[in-house]
Every structure is written in C-alpha cells, then in structure tokens.
Amino acid sequence: AEETHQVEDVVVVGYGVQKKESVLGAISQVNNEQLVNSGTTNITNAIAGKLSGVTTIQTGGQPGNNDANIFIRGVSSWNGSTPLVLVDGVERSFADIDPNEVASLSVLKDASATAVFGAKGANGVIIVTTKSGQEGKPKMDFSFSTGFAMPINTPKHIDSYRTMSLMNVAKMNDQLFDSLTSQADLAEYRRPSSRLNALRYPDVNWLDEMTDSFASTINANFNIQGGTRFVKYFASVGYAHEGSIFKGVNDGKIDSRYYYNRFNFRTNVDFNVTPTTVVSFKLGGNVGIKNKPQPQDGDDGMWKYIFGSSTAKYPMY
C-alpha cells in the first residue's frame with residue numbers, strides 16, 4: 001500500500017530556500033521557539049548547545065557586554081575564526097537582535113559556505129532570517145519572561161587578621177622587617193579589645209557589603225502580523241533588562257547602579273507587486289542604555305578591592 005509523507009521543513013541557504021531533504025551540505029538550524037525559550041536576552045548565548053558543530057564561549061558577564069564568541073567546527077587561523085553573519089542578507093552583528101524577531105537561524109558549516117560567500121565564509125556562515133507577515137487577520141503576540149543570574153565559585157572571605165599575618169610573611173620574604181605589623185596590632189585585628197578598636201582594626205567582608213546574591217533579567221516583546229494577498233506585515237517592539245550583582249545608589253545626583261536596558265524595534269513589509277515580483281521593506285534597530293560605576297582601575301579593579309581590602313573601612317573606588 002502506498003503511503004505518502006509531506007515534508008514541509010525548509011532550510012535557508014546562501015542561494016535561497018531549499019527543502020530540508022534536498023540539502024546536501026552540512027547545515028544546522030534552530031527555530032524561533034528554541035531561541036525564545038532559552039531564558040537569555042542575548043541571542044549569541046541562546047544558541048549554545050542547540051547547533052551541532054557550533055561552540056559558544058562567553059568570556060564575561062557584564063550587563064550589555066556578555067556576547068559569546070562563536071566558533072564553527074573548531075578554531076582556524078583565518079580572520080580570527082569569526083564566522084560570517086548575515087541578517088536578512090546584510091552582513092552585520094546579530095548579538096543585539098531580539099530573539100522574538102527571528103524566524104530561523106541556519107549555520108552553514110562545510111565547503112558550500114565558501115563556494116557561495118568566498119573567503120569570508122571560510123569559518124562558516126550564520127544566516128539569520130527575521131519574521132515576515134502572514135496572510136490573514138491581524139495576530140498579536142505578547143511575551144514576558146524574567147529570571148536571575150548568580151555568581152558561583154566565589155572565593156571565600158579572608159579575615160583581616162589572616163590578611164595581615166600573610167602580609168607579614170610576604171614582607172619578611174622581601175627582607176622588609178622594619179614595616180611588619182606588630183603582634184599587638186595583630187591581636188587587635190583578631191579580637192578587638194574595645195568598640196573603638198573595632199573601628200580602628202576593621203574586618204569587613206566587602207563582597208557581602210557591595211554585592212547581592214543574584215541579578216535580575218527581564219525580556220518582554222509585543223508583535224503583530226497579518227496581511228492580504230497584496231501586502232503582508234510584521235511589526236515588533238521589545239525590551240530587555242540585564243541587572244548586576246553590584247549594589248548601587250541613585251540619589252538623584254549620582255547613579256552608581258550597574259545595568260543595561262535594550263529597546264528593539266522591527267518592521268517588515270512585503271508587497272506582492274506581481275505574481276512573480278515581491279518588494280520587501282525591512283527596518284530594524286535597537287537602542288542600548290548602559291549605566292555603570294566608574295572605578296579608578298576599571299571593572300577588574302572593583303573585584304580587586306572587594307577581595308583585597310578586608311582591613312579597609314571603605315572600598316577604594
């Protein structure tokens with residue numbers, strides 16, 4: 001008995017759209033639902049673990065500066081191993097795109113990428129296709145998600161007595177015997193004899209004083225799509241918020257909070273001018289607002305002061 005199966009999956013390749021079963025090259029694909037349900041506001045982190053042969057490495061967690069480095073089939077020596085990224089046919093970064101705007105993301109991994117895109121495709125090609133309108137009545141979607149990020153494996157607090165004792169050992173190794181902390185002062189660091197000496201010989205865990213246990217993240221999106229035989233439209237607005245574990249103060253004059261807010265917008269309109277001609281108008285962008293404290297020695301200096309100043313009354317930044 002004859003049995004017919006209909007295959008509807010298609011893959012976006014460098015030279016158009018093909019049915020999935022007719023593609024001979026090495027191509028991986030992730031859809032919109034997988035990206036949105038990833039729980040992250042950054043699409044470069046959303047593809048982690050979802051595409052075979054694709055490795056993502058996130059080297060930082062700063063709000064607004066946590067893009068992942070992407071490597072396709074390992075590290076090469078060409079152009080820093082960075083793959084070519086095309087968003088609706090335009091070469092650009094896709095880190096600030098709202099995952100809700102993406103219809104599909106395809107990764108070309110083999111020689112077919114070089115055959116179509118030349119030397120720029122030697123490290124692979126990432127093709128991002130944004131959503132388009134569908135014929136029918138207007139359809140509105142609203143999504144909202146929130147989560148948190150928290151540090152792990154943070155160093156344990158070293159009290160001021162142990163800090164000063166180890167500093168004495170370091171000074172003795174450098175033959176600086178005239179600058180050693182006296183045993184009387186060490187005894188005060190270990191167990192202050194009065195409330196006044198507790199202020200003179202402090203033991204402060206600045207990690208607890210200056211950080212929270214977690215940072216909040218928010219991702220919201222509203223989009224509408226629809227159309228007729230002549231025109232199809234898709235419009236989207238999105239908001240993403242990335243907080244920080246650093247405690248901040250906003251008194252109207254000084255705002256030392258650390259956060260990143262991103263506002264995305266997109267409008268895609270397709271006009272069916274003739275049965276064989278489609279004119280597309282695509283407009284998208286984002287506005288990012290980053291607020292951060294300004295330590296003397298940069299962001300790394302903030303951590304240095306937190307973990308290295310248990311004997312200080314105030315953090316030095």
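Definitions and cut-offs
- Residues numbered from 1 in each chain as written.
- Predicted model: local features only at pLDDT ≥ 70, side-chain atom pairs only at ≥ 80, totals over all residues.
- Heavy atoms only, no water.
- Helix = DSSP H or I, 4+ residues; strand = E, 2+ residues; numbered from the N terminus.
- Buried < 20%, exposed > 50% of the residue type's maximum accessible area, 1.4 Å probe, protein only.
- Polar contact = N/O pair within 3.5 Å; in protein donor to acceptor, adjacent residues only side chain to side chain.
- Contact = heavy atoms within 4.5 Å.
- 1 Å grid on protein atoms, 1.4 Å probe; cavity = no way out; pocket = protein on both sides within 12 Å on 5 of 7 lines; lining within 4 Å.
- Points joined across faces, edges and corners; volume = space filled by probe spheres on them.
- Core = buried A, V, L, I, M, F, W, Y, C linked by side-chain atoms within 4.5 Å.
- Phe/Tyr/Trp six-rings, centres within 6.5 Å; stacked < 30°, edge-to-face > 60°.

K.L.:
Just to check I follow, could you spell out the side chain of asparagine 32 for this structure?
P.N.:
Here asparagine 32 lies in helix H1 (residues 32-36). Given a relative accessible area of 17%, asparagine 32 falls into the buried group. Among the polar contacts made by the side chain of asparagine 32, one reaches the main-chain carbonyl oxygen of valine 102 at a distance of 2.7 Å.

K.L.:
Where do I start with the environment of isoleucine 70 in this structure?
P.N.:
Relative to the elements of secondary structure, isoleucine 70 occurs in strand E5 (residues 68-72). Spatially, the C-alpha atoms of isoleucine 70 and valine 54 are 7.0 Å apart, while their sequence positions differ by 16 residues. The contact partners of isoleucine 70, leaving out residues within four places of it in the chain, are Thr44, Ile47, Val54, Thr55, Thr56, Ser81, Pro83, Phe94 and Ile126.

K.L.:
Please clarify how the layout of surface pockets should be interpreted in this entry.
P.N.:
Sizing a probe to match a water molecule and rolling it over the atoms shows the empty space that remains. Reported here for the largest pocket is a volume of approximately 730 Å³. Around the largest pocket, the lining is made up of 32 residues, and of these Gln58, Gly61, Gln62, Ala149 and Gly243 lie nearest the centre. Only strand E10 (136-149), strand E11 (215-227) and helix H8 (298-308) provide two or more residues apiece to the lining of the largest pocket. Residue contributions to the lining of the largest pocket peak at five residues, all from H8.

K.L.:
Could you clarify how one ought to interpret the nonpolar core in this entry?
P.N.:
As a rule of thumb, soluble globular proteins bury nonpolar side chains together. Counting 18 residues, the largest nonpolar core has Phe94, Leu105 and Ile126 as the members making the most contacts within it. Secondary structure elements with two or more residues in this core: helix H2 (43-46), E5, strand E6 (84-87), strand E8 (102-108) and strand E9 (125-130). Here this core gets three residues from one element, more than from any other, and that element is E8. Non-local contacts of leucine 105, meaning those with residues more than four positions away in its chain, are made with Ser28, Gln29, Val30, Ile43, Ile47, Leu51, Phe94, Ile126, Ile127 and Val128. By size, the runner-up hydrophobic cluster in this structure holds eight residues, among which are Val204, Phe246, Tyr258 and Met302.

K.L.:
I keep staring at the packing of aromatic side chains and nothing clicks. Help me out?
P.N.:
Remark: the centre distance and the inter-plane angle together describe each pair of aromatic rings, the angle taken between the planes. Applying the stated criterion across every chain yields a total of five aromatic pairs. Residues phenylalanine 246 and tyrosine 258 carry aromatic rings whose centres are separated by 6.3 Å and whose planes lie at 20° to one another, so their mutual orientation is stacked. A residue pair is termed long-range when its members are at least 10 positions apart, and phenylalanine 246 in the loop between strand E12 (231-242) and strand E13 (259-274) and tyrosine 258 in the loop between E12 and E13 qualify at twelve residues. With respect to burial, phenylalanine 246 and tyrosine 258 carry one shared label: buried.

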